[in-house]
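# Notes for the structure review
Residue-level listing of the chains:
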Amino acid sequence: MLIQAAPSIFGAVMGELSGLLAAGVLGPGRPTTYPLADGREALSALAARSTAGKLALRP
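The following refers to the structure shown. (Residues numbered from 1 in each chain as written. Predicted model: local features only at pLDDT ≥ 70, side-chain atom pairs only at ≥ 80, totals over all residues. Heavy atoms only, no water.)

Glancing now at unusual backbone geometry. Although it is not a glycine, R49 sits at a positive phi angle of roughly 55 degrees. In this fold, R49 is placed in the loop between α3 (39-47) and β2 (55-58). (Helix = DSSP H or I, 4+ residues; strand = E, 2+ residues; numbered from the N terminus.)

The structure is reproduced here in structure tokens:
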């Protein structure tokens, strides 16, 4: 939405974010992982909004 409402601000934010990534200040996030057998628990956590970021199921 920001890119449509204020493209110049979006460009500035993305430029700053790219700089922080390149400098190593920010790194890629790590997902919360669940064993595949605990898929029901992972879905419950999503539904309850008790997680932040991505979830991954491990085989």
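It is worth spelling out the pairing of β2 at this point. Where strand β1 (residues 32-35) lies against β2, 4 bridges are found, and the strand directions are parallel. Each bridged residue has a counterpart across the sheet, and for P35 the counterpart in β2 is R58. (Pairing = 2+ DSSP bridges.)

Between its terminal C-alpha atoms helix α2 (residues 7-23) stretches 24 Å, which fits the 24 Å expected from 17 residues at 1.5 Å a residue. Of the residues trailing α2, G24 is marked for its positive phi of about 80 degrees. (Expected span 1.5 Å × (residues − 1).)

A word on α3. What α3 keeps buried is the set G39, A42 and A45. Taken around the axis of α3, the buried residues stretch over an arc of 120 degrees, which confines them to a single face. Opposite the buried face of α3, by more than 90 degrees, sit the exposed residues R40, L43 and A47. Structurally, α3 contributes buried residues whose contacts are with β1 and β2. Among the residues trailing α3, R49 stands out with phi positive, at a value near 55 degrees. (Buried < 20%, exposed > 50% of the residue type's maximum accessible area, 1.4 Å probe, protein only. Arc of directions from axis to C-beta. Contact = heavy atoms within 4.5 Å.)

Function cannot be inferred from these measures alone, as they are strictly geometric.
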